[in-house]
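Notes for the structure review
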Amino acid sequence: MQVALVGLGVMGKNLALNLIEKGITLVAYDKNPHAGEELLSCAKSQGMADRLHIVSDLRDMVRRLEAPRSILLLVPAGELVDSVCNELVEAGVECNDIIVDCGNSNYKDGITRKLKYQNKFEFATMGISGGAEGARHGPAMMASGSEGGWGRIEPWFEKAAASFNGESCFARVGQSASGHFVKMVHNGIEYALMQLIAEVYQLLRIGTGRSPKEVAEIFNDWSEGQLNSYLLSISSHILSLENHNNVPLADLIDNKVGAKGTGLWTAQNALELGIAVPSLVAAVQARHLTNACNTTAAQEMSYASKSTNNVEIDLEELKEAFLLASLLAYRQGLALIKGASRTHQWKVDLSKTLQTWRAGCIIRADYLDSVAQGVEFIDSLEKESNSLRKITGQAIMTGLAFPVLGATQTYLATLTTPSNGHLVQAQRDYFGEHGVKTHSGETCHLTDLVDIDAKVR
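The structure contained in this document is the topic of the report that follows.

Cut-off values and rules
- Residues numbered from 1 in each chain as written.
- Predicted model: local features only at pLDDT ≥ 70, side-chain atom pairs only at ≥ 80, totals over all residues.
- Heavy atoms only, no water.
- Pairing = 2+ DSSP bridges.
- Helix = DSSP H or I, 4+ residues; strand = E, 2+ residues; numbered from the N terminus.
- Axes fitted to C-alpha atoms, helices over the stretch in contact; angles between N-to-C directions.
- Salt bridge = Lys/Arg side-chain N within 4 Å of Asp/Glu carboxyl O.
- Buried < 20%, exposed > 50% of the residue type's maximum accessible area, 1.4 Å probe, protein only.
- Expected span 1.5 Å × (residues − 1).
- Arc of directions from axis to C-beta.
- Contact = heavy atoms within 4.5 Å.
- Right-handed = clockwise from strand over helix to strand, strands pointing away.
- Core = buried A, V, L, I, M, F, W, Y, C linked by side-chain atoms within 4.5 Å.
- 1 Å grid on protein atoms, 1.4 Å probe; cavity = no way out; pocket = protein on both sides within 12 Å on 5 of 7 lines; lining within 4 Å.
- Points joined across faces, edges and corners; volume = space filled by probe spheres on them.

A closer look at the sheet that holds strand 5 (residues 98-101)
Spatially, 8 strands are ordered 3-2-1-4-5-6-7-10 in an open sheet, and the strand pairing comes out mixed. The sheet is open, and its two edges are formed by strand 3 (52-54) and strand 10 (170-174), each paired on a single side. Each strand axis lies, on average, 25 degrees off the axis of its neighbour in the sheet, ignoring direction. In terms of strand pairing, strand 5 meets strand 6 (residues 122-129) through 4 bridges, oriented parallel.

Re the pattern of salt bridges
Throughout the structure, instances matching the rule amount to 19 salt bridges. Where R113 meets D101, a salt bridge forms, and the shortest distance between an N and an O atom there is 3.8 Å. Of the two residues, R113 sits in helix 5 (residues 107-116) while D101 sits in strand 5, which places them 12 residues apart along the sequence. Just as R113 is buried, D101 falls in that class too. A salt bridge links R205 to D251, with the nearest nitrogen and oxygen atoms 2.7 Å apart. Remark: D251 occurs in the loop between helix 10 (230-240) and helix 11 (262-273) and R205 occurs in helix 8 (residues 178-207); sequence separation between them is 46 residues. Using a relative accessible area of 22% as the deciding quantity, one classes R205 as partly exposed.

Considering helix 9 (residues 212-223)
Two residues of an α-helix separated by three or four positions point the same way, owing to the 3.6 residues in each turn. Taking 1.5 Å per residue, 12 residues should reach 16 Å; helix 9 reaches 16 Å between its end C-alpha atoms and fits that length. Every buried residue belonging to helix 9 is among P212, V215, A216, I218, F219, W222 and S223, and all of these are buried. Projection of helix 9 onto a plane perpendicular to its axis shows the buried side chains occupying an angular sector of 160 degrees, all on one side. Where helix 9 is buried, its residues contact helix 8, helix 10 and helix 13 (315-344).

Comments concerning the pairing of strand 6
Of all the 8 residues making up strand 6, 8 are buried; the element is thus mostly covered by neighbouring parts of the structure. Handedness of the crossover joining strand 5 and strand 6 through helix 5: right-handed. As paired elements, strand 6 and strand 7 (residues 140-144) share 5 bridges and run antiparallel to each other. Along strand 7, the bridge assignment pairs G127 with M142.

Some thoughts on the nonpolar core
Judged by nonpolar contacts, the single largest core of 77 residues is most densely connected at F181, F219, W222, Y330, W357 and Y367. Residue contacts for Y367: discarding those within four places in its chain leaves L193, Q226, L227, N228, S229, L323, S326, L327 and Y330. Ranked by size, the runner-up nonpolar core spans 35 residues in total, among them L19, C102, W150 and A160.

Focus on the layout of surface pockets
Of the pockets and cavities examined, the largest pocket occupies roughly 1,800 Å³. Residue lining of the largest pocket: 42 residues in total, with Q195, A198, N255, V257 and T290 positioned closest to the centre. Every element with two or more residues in the lining of the largest pocket is listed here: helix 8, helix 10 and helix 12 (278-290). Within this model, the second largest pocket holds a volume of roughly 1,100 Å³. What lines the second largest pocket is a set of 40 residues, among which M11, P76, G103, N104 and K260 lie closest to the centre. Those elements that place two or more of their residues in the lining of the second largest pocket are helix 1 (10-21), helix 4 (79-91), strand 6, helix 6 (131-137), helix 8 and helix 11.

Shown next as structure tokens:
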């Protein structure tokens, strides 16, 4: 099997080695010649160079491939994807060739490109998760589309992907560019889980006075049971590290957090689709707030430092609250995927989506079986629900920030307790005559329900 790969950065290089190891003959290109040289050197050191061909231009790459061709792109999202696609057309790709965008592209760009290139080649999308290690040894692969070219490469991707209980973590999750949408939401969930773990660490460290190593021990203990996950495990390891002066690694790192944009896209698309994912949105805003001093509104966002309060936390209740908050982050993400699938008629298979997340990816966790059980399972977690309420209240009383923990409790409470929406409806009609809907389903105005002699002015 022959496949071409354009883009030999960290992810591209490691995916290339993975594919070669699985038996694929790879033709690889990067505009930076040193990237190709580095890949070739790695392949030689691992005895796999006979299945690797580094080319100096796209025309040579296309010429070396047997038709119909299969070409993977791992280049930065945006204009560069279109630039490479146009260059490939000029280099001689044909209608039956398939080009798969494997980067973190915006799904809307994928939809546009499928139409733009439909008479020139098959354009498909696939999200890949797992970082450099995953790309090398088995990532999660969220593909989409019904292009005929998938038939040629799908069996090889199933081998290259991670596996869980003998089942591949590669899947064509739905139609059109849904693979990139699913990967985008995956990253949104990733934001929420990372921030949630950081908030629990903050509560334990500053709220209860524990050291990073003591928090690491708690996280490690949790990881040995139901809460085992990749993100919790790496957080435990990070918090256990110290330099040669016994200063915790956590105390050597600045608080400003960067982002690549997929979390922001998740928040934007959720708002556009009218689907509430407050835990995911709060995580994005939490990152923005760490950089508040760098904004044009920095002066208006700078306040005096405040002291914080200590609290006594029951570790079992904290564990229960963390479990439920984690499950709800996934459930919000799945609700967003389901809503987008319905809107765009993608026919996304949520069971296949969850299968791709079982291993290899950043949000893999043992409790994904619980996520798959759905709302009915969440409703059965009465003890965990009470713990989430209690821990959130205690956390807020410290005076520290808990955006995801607070948003998650608010999300659950909004959907499970009496609403205050009736007053907001009344306010809107009072000043703007937007109308209100009554319990009987009738749409009317306040003046149809009660006598108002004179409104407040």
